[in-house]
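Reading the structure
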Amino acid sequence: MEDTLHPAAAGHLPPFITAPGQTDVLFNVMAVFVLLMIFLVGILYLRLHALPEHMAHGASKVQLQIVGALGLIALFTHNHLFWIAALLLGMIEFPDFASPVRSMARSLARIAGRDEDLEEAETGQPYSEATHIEPRPNNPPPEAPQWVPLEINPATADEKAERRG
């Protein structure tokens, strides 16, 4: 056979065309690039998907659980409405309603002379409504305070008091 080219063939071949029996370098580079991009896009998607949970991390436990549940529902159903709801709940900081109520309960127990029994109930010992707790004899209820009118004498070098007259 002759080693001549066909008259319709080009005089040279582009560099990405390999000779028979040689390694296709462009194919190998593109295969690694595509796998790397799939991996990076997957990481980006999962980081974006977990954004509401990261935002709600400093919030209360209940709020974090609700945001996490909404995020999982959004992940498995591909419904973006759940993710948007989780994002909005993650942004909002709910006020703490339980602490003032606990503080009022402690204060009322202290006034009633049951503060030690309330502490025992908060530590985990069983407490039932049927048990009647008597005030302790060594801890009598506080007496009513005597109201005394408060008179404030202004300081001698107080400029504001001098201006007020």
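Look up a bit, the structure's there.
A brief report on the enclosed structure follows. It should be emphasised that the depicted structure is a prediction, and the values quoted were computed from it without experimental measurement.

When helices and strands are counted, the protein shows seven helices and zero strands. Along the protein, from the amino end to the carboxyl end, the secondary structure elements read α-α-α-α-α-α-α. When burial is assessed residue by residue, the protein has 11% of its 165 residues classed as buried. Counting contacts in the protein only where the partners sit at least 6 residues apart, residues at least 24 apart contribute 34% of the total. Total accessible area on the protein is roughly 14800 Å²; 66% of this is exposed by carbon and sulfur atoms.

As for its position among the elements, His 49 is in helix H1 (residues 25-49). Classification of His 49 as buried rests on a relative accessible area of 12%.

Attention now moves to unusual backbone geometry. The residue His 78 is not glycine, and still its phi comes out positive at about 55°. Mapped onto the secondary structure, His 78 falls in the loop between helix H3 (61-77) and helix H4 (80-91).

Moving on: H4. With twelve residues, H4 ought to run about 16 Å at 1.5 Å a step, and its terminal C-alpha atoms sit 17 Å apart, in line with that. Tucked inside the fold, the buried residues of H4 contact H1, helix H2 (51-55) and H3.

The rules behind these values
- Residues numbered from 1 in each chain as written.
- Predicted model: local features only at pLDDT ≥ 70, side-chain atom pairs only at ≥ 80, totals over all residues.
- Heavy atoms only, no water.
- Helix = DSSP H or I, 4+ residues; strand = E, 2+ residues; numbered from the N terminus.
- Buried < 20%, exposed > 50% of the residue type's maximum accessible area, 1.4 Å probe, protein only.
- Contact = heavy atoms within 4.5 Å.
- Areas by Shrake-Rupley, 256 points an atom, 1.4 Å probe, with all protein chains shown as cover.
- Expected span 1.5 Å × (residues − 1).

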